[in-house]
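Listed below are the residues making up each chain.
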Amino acid sequence: MRRIIIPVLVALVAIIGIGSAVMAGSGTSSVTRARLERSLPVSFTHLYVQQAHLLGHTGVTVASLHAKAMCDKRGPDVADVGPGGDWVGLMSWDDPQVPMPPEGYGKFELNVHSNDCFTASGPTKLTGYLTINDKSGREVTNPVFEFDGCFDPQGDNTATGHEFPSLTSVTSTTLTTDADGGAVLQLGCGTGSQGCSGTVVVTDGKRVLGQMPYSAKEESTTSLTLPAPVPATAKEVTFEVRPDTGAGPSGPVTLPVQRG
Amino acid sequence: MSAARPGVVSALRWELRKLRAQHRARVVLLAALLAPVPIVVIIHGQSRPPKDTLFGRFAPDNGFALALLVLGFASQWVLPLLVAIVAGDVFASEDQHGTWKTVLTRSTSRGQIFVAKTLTAGGFAVVMLALLAASTIASSYLIVGHQPLTGLSGQVIGSHTALSLVAASWATMLPPTLGFAALAILLSVWSRNPAVGIAAPVVLGLVMGLVGALGGVEAIRPLLLTTSFEAWHGLLTQPRFTGPLVDGLLVCGGWSILSLGAAYVLLRRRDITGG
């Protein structure tokens, strides 16, 4: 029995030992922002052309799409390197039949593995759901709903310079007031290059209640206290986001008031 | 040299004869030949594809994708196990049966026996892999079909190119498979126990796979035997890349030389007289 255990143990200890020694030192991962930014649009473009073919859209070719991506791993304080399920890819492309939203891109969730392959799932508003109806009406799998790709671990690693603005969004779904009419609004700042800042103009439908400046890091939420109490008669309050950096929602957001 | 050759050849002939008589070696080869058929039939009948493995999402209705899905699965532990069943036993079985003294009292040297046994294990690995690959590719091609394949850059690969790329991908399994054979030989000589020779390479393969999947150990990852099992990805992208294949060849060569060298030294220095 000793003979069985000792060699196995020695080998395991050796592997774990080398592994932790390396972990203590510095290893640079082949999974980098630049390689993902080069690889993701290539895979997406090929598959989007497949989708256009299924849908019967004409005029969509690999050359016409001009897909560009910006990739980011979890917020501004984390280095954009290494495998993980916390990568986000912002991508823009030119298809006259599917215009980009005002912020100019769609957001892809990426799960990047240490073997230099990734799984991306697309923004369903732009790329559609798991199945689509092809031009003859059959239900088929949507090639860009979710897709796999791999990149060269020794491939070009110079920065692509692709950047997109963060999207500011109102994450509150109702406005809950306290006894004095005070309330707090939640703003979210999405993945992007420079975070979010600007002003939110608050109106109760008729008159302006005030303005709230905001500033948030990318991939974070922030709470803003309303500058004035919500009038007791107001049923709804409207917020208009006017961004200085980053992009705002496509129009004013109206929230129902809930008395606390 | 000329005096040594007949010794190795006759030792090799003897080893092959022992292998042919071995029940489990035949079972492994038969399994490599037949097992892919029901696996292909079952995955082909799935309504929900196994998406968490590369090519899994296309596997139920694309023969090439299915052959690559089986490839990804086989490389996790099946190939190390199948190869170790012979390579991990070829030396240790002499211990198990107490036959070292009998073998070495013949006119063959330890070196000649080492070469013959190593060649037997290596040859078995090649035959096993070839059978498994041919059977998987043929059954997925015939049962599921030969539709154009969507590659790892989203590109569409025509049937003819896809067939040769799938065959090439299976061929890239050979270096790491031989690396595992060498590792099994080392463990077999070292432990003098067939159970260790067969089970330990599988366990080590799983551990290496786990270490390779961790983030933060990137410097060690290229040195693992299991990393070479994934080098075929580069053949199915656009443009293709072969850097990991070349690195994998060097790494597997390194593992094989070190393992066989250590095994040879251990065997040479062993005191056999005690039985």
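Calculation criteria
Residues numbered from 1 in each chain as written. Chains lettered and ligands numbered in written order. Predicted model: local features only at pLDDT ≥ 70, side-chain atom pairs only at ≥ 80, totals over all residues. Heavy atoms only, no water. Helix = DSSP H or I, 4+ residues; strand = E, 2+ residues; numbered from the N terminus. Buried < 20%, exposed > 50% of the residue type's maximum accessible area, 1.4 Å probe, protein only. Contact = heavy atoms within 4.5 Å. Lys, Arg positive; Asp, Glu negative; His and termini not counted. Charge placed at Lys NZ, Arg CZ, Asp CG, Glu CD. Pairing = 2+ DSSP bridges. Phe/Tyr/Trp six-rings, centres within 6.5 Å; stacked < 30°, edge-to-face > 60°. Core = buried A, V, L, I, M, F, W, Y, C linked by side-chain atoms within 4.5 Å. Axes fitted to C-alpha atoms, helices over the stretch in contact; angles between N-to-C directions. Parallel < 35°, antiparallel > 145°, perpendicular 65-115°, else oblique. Nonpolar A, V, L, I, M, F, W, Y, C, P; charged D, E, K, R; others polar. Polar contact = N/O pair within 3.5 Å; in protein donor to acceptor, adjacent residues only side chain to side chain. Buried area = accessible area lost by both parts, 1.4 Å probe. Salt bridge = Lys/Arg side-chain N within 4 Å of Asp/Glu carboxyl O. Patch = residues over 30% accessible without salt bridge, like charges linked within 9 Å, V, L, I, M, F, W, Y side chains within 5 Å. Areas by Shrake-Rupley, 256 points an atom, 1.4 Å probe, with all protein chains shown as cover.

Visitor: What should I look at first to understand the overall build of chain B in this one?
Guide: Assigned secondary structure in chain B consists of eleven helices and two strands. The secondary structure elements of chain B, listed N-terminal to C-terminal, are α-α-α-α-α-α-α-β-β-α-α-α-α. Looking at chain B as a whole, 53% of its 275 residues qualify as buried. The contacts in chain B between residues at least 6 apart in sequence include a share of 78% that link residues at least 24 apart. Side-chain charges of chain B comprise 20 positive and 10 negative groups, with the mean position of each set lying 10 Å from the other.

Visitor: Would you explain the pairing of strand E11 (residues 196-203) of chain A in this entry?
Guide: The side chains of a regular strand alternate between the sheet's two faces. Residues and elements named next belong to chain A. With six of eight residues buried, E11 is to be regarded as a mostly interior element. Note that E11 and strand E12 (residues 208-216) share eight bridges and pair antiparallel. Across the sheet, Thr203 pairs through a bridge with Val208, a residue of E12. Hairpin connection, E11 to E12: the antiparallel pair is bridged by four residues, and Gly205 has positive phi, about 105°. By the bridge criterion, seven bridges tie E11 to strand E14 (residues 236-245) in an arrangement that is antiparallel. Looking at the pairing, Val201 lines up with Glu240 of E14.

Visitor: How do you make sense of the packing of aromatic side chains when you look at a structure like this?
Guide: Geometrically, a pair of aromatic rings is defined through the distance of the ring centres and the angle of the planes. Residue and element names in this part refer to chain A. Tallying each qualifying case throughout the model produces 15 aromatic pairs over all chains. On the basis of an interplanar angle of 65° and a centroid distance of 6.1 Å, the ring pair of Trp93 and Phe108 is categorised as edge-to-face. Placement of the pair is Trp93 in the loop between strand E2 (84-92) and strand E3 (106-112) and Phe108 in strand E3, with a sequence separation of 15 residues. Summarising the burial analysis for this pair, Trp93 and Phe108 share the class buried. Each residue in the set Phe44, Tyr48, Trp93, Phe108 and Phe147 is aromatic and connected to the rest through ring pairs, giving one cluster.

Visitor: Mind showing me how you'd approach the nonpolar core here?
Guide: Soluble globular proteins tend to pack their nonpolar side chains together in the buried interior. Residue and element names in this part refer to chain B. Core analysis: the biggest nonpolar cluster contains 78 residues, and Phe55, Leu149, Trp170 and Leu236 have the highest contact counts within it. At 17 residues, the largest contribution of residues to this core is made by helix H4 (residues 63-87). The contact partners of Leu149, leaving out residues within four places of it in the chain, are Phe55, Asn62, Phe64, Ala65, Leu68, Gln155, Val156, Ile157, Ala162 and Leu236.

Visitor: Where do I start with the packing of H4(B) against helix H8 (residues 159-171) of chain B in this structure?
Guide: Helices that pack against each other are described as a pair by the angle of their axes relative to one another and the distance between those axes. Residue and element names in this part refer to chain B. Axis separation between H4 and H8 bottoms out at 10 Å; the angle between their running directions is 10°. With respect to H8, the axis of H4 lies roughly parallel. For the pair H4 and H8, contact is made by Phe64, Ala67, Leu68, Val70, Leu71 and Ala74 and by Ser159, Ala162, Leu163, Val166, Ser169 and Trp170, respectively. Here the contact of H4 with H8 is composed, by residue class, of ten nonpolar, two polar and no charged.

Visitor: Sorry, what's going on with the sheet that holds strand E7 (residues 146-150) of chain A here?
Guide: All names here are of chain A. Spatially, the five strands line up as an open sheet ordered E1-E2-E3-E4-E7, and their pairing is antiparallel. Looking at which strands have only one partner, the edges of the open sheet turn out to be strand E1 (68-73) and E7. Going across the sheet, the axis of each strand differs from the next one's by a mean of 30°, ignoring polarity. As defined by bridge partners, E1 adjoins E2 across six bridges and the pair is classed as antiparallel. Across the sheet, Cys71 pairs through a bridge with Gly89, a residue of E2. Sheet strands in contact with helix H2 (residues 33-55) are E1, E2, E3, strand E4 (117-121) and E7, and its direction is about 130° off that of E1.

Visitor: Just to check I follow, could you spell out the environment of B:Trp100 for this structure?
Guide: Residues and elements named next belong to chain B. Among the secondary structure elements, Trp100 is positioned in helix H6 (residues 100-104). When its relative accessible area of 5% is taken as the criterion, Trp100 is described as buried. Along the chain, Trp100 and Cys252 lie 152 residues apart, while their C-alpha atoms are 30 Å from each other. Beyond its immediate stretch of four places on either side in the chain, Trp100 contacts Phe91, Glu94, Asp95, Ile113, Lys117, Leu267, Arg270 and Ile272. In terms of polar contacts, Trp100 uses its side chain to reach the side chain of Asp95, at 3.2 Å.

Visitor: How should the interface of chain A and chain B be read in this particular structure?
Guide: Where interface size is given, it is often the accessible area lost as the parts come together that is meant. Each partner contributes residues to the interface: chain A has 36 residues there, and chain B has 39 residues. With both sides pooled, the region where chain A packs onto chain B buries about 2900 Å², and carbon together with sulfur makes up 64% of that total. Viewed at the interface, chain B and chain A are joined by three salt bridges. Across the salt bridge formed by B:Arg57 and A:Asp148, the nearest N and O atoms sit 3.0 Å from each other. Inspection of the chain A/chain B interface yields ten residue pairs in polar contact (both at pLDDT 80 or more).

Visitor: Would you take a moment to explain unusual backbone geometry for this structure?
Guide: Peptide bonds are, in most cases, trans, and in most cases residues other than glycine have a negative phi. For the peptide bond that leads from B:Gln238 to B:Pro239, omega is 0°, which places it in the cis range. Following the sequence through the fold, B:Pro239 ends up in the loop between helix H10 (194-213) and helix H11 (243-268). Positive phi outside glycine occurs at A:Arg74, with the angle close to 35°. On the secondary structure map, A:Arg74 appears in the loop between E1 and E2. Phi is positive for A:Glu219, close to 55°, though the residue is something other than glycine. Along the polypeptide, A:Glu219 turns up in the loop between E12 and strand E13 (220-225).

Visitor: Just checking my understanding: could you explain a nonpolar patch on the surface for this structure?
Guide: Residues and elements named next belong to chain B. There is a patch of nonpolar side chains on the surface, built from Val37, Val41, Tyr141, Leu142, Ile143 and Leu163 and spanning about 490 Å² of accessible area. If one sorts the elements of the nonpolar patch by residue count, helix H7 (residues 110-143) sits on top with three residues. With respect to the element layout, Ile143 can be found in helix H7.

Visitor: Mind showing me how you'd approach the pattern of salt bridges here?
Guide: Where side chains of opposite charge bring their charged atoms close, a pairing between them can arise. Inspection of the entire model under this criterion finds 18 salt bridges over all chains. Across the pair A:Arg33 and A:Asp80 runs a salt bridge whose closest N-O atoms are separated by 3.8 Å. Taken together, the positions of A:Arg33 in helix H2 and A:Asp80 in the loop between E1 and E2 put the pair 47 residues apart, joining distant regions of the chain. For A:Arg33, a relative accessible area of 23% translates into the label partly exposed. Residues A:Asp134 and A:Arg138 are paired through a salt bridge, measuring 3.2 Å at the closest nitrogen-oxygen approach. By relative accessible area, A:Asp134 is classed as buried at 9%. We classify A:Arg138 as exposed; its relative accessible area is 54%. Through salt bridges with shared partners, a single network forms among A:Glu146, A:Asp148, B:Lys51 and B:Arg57.

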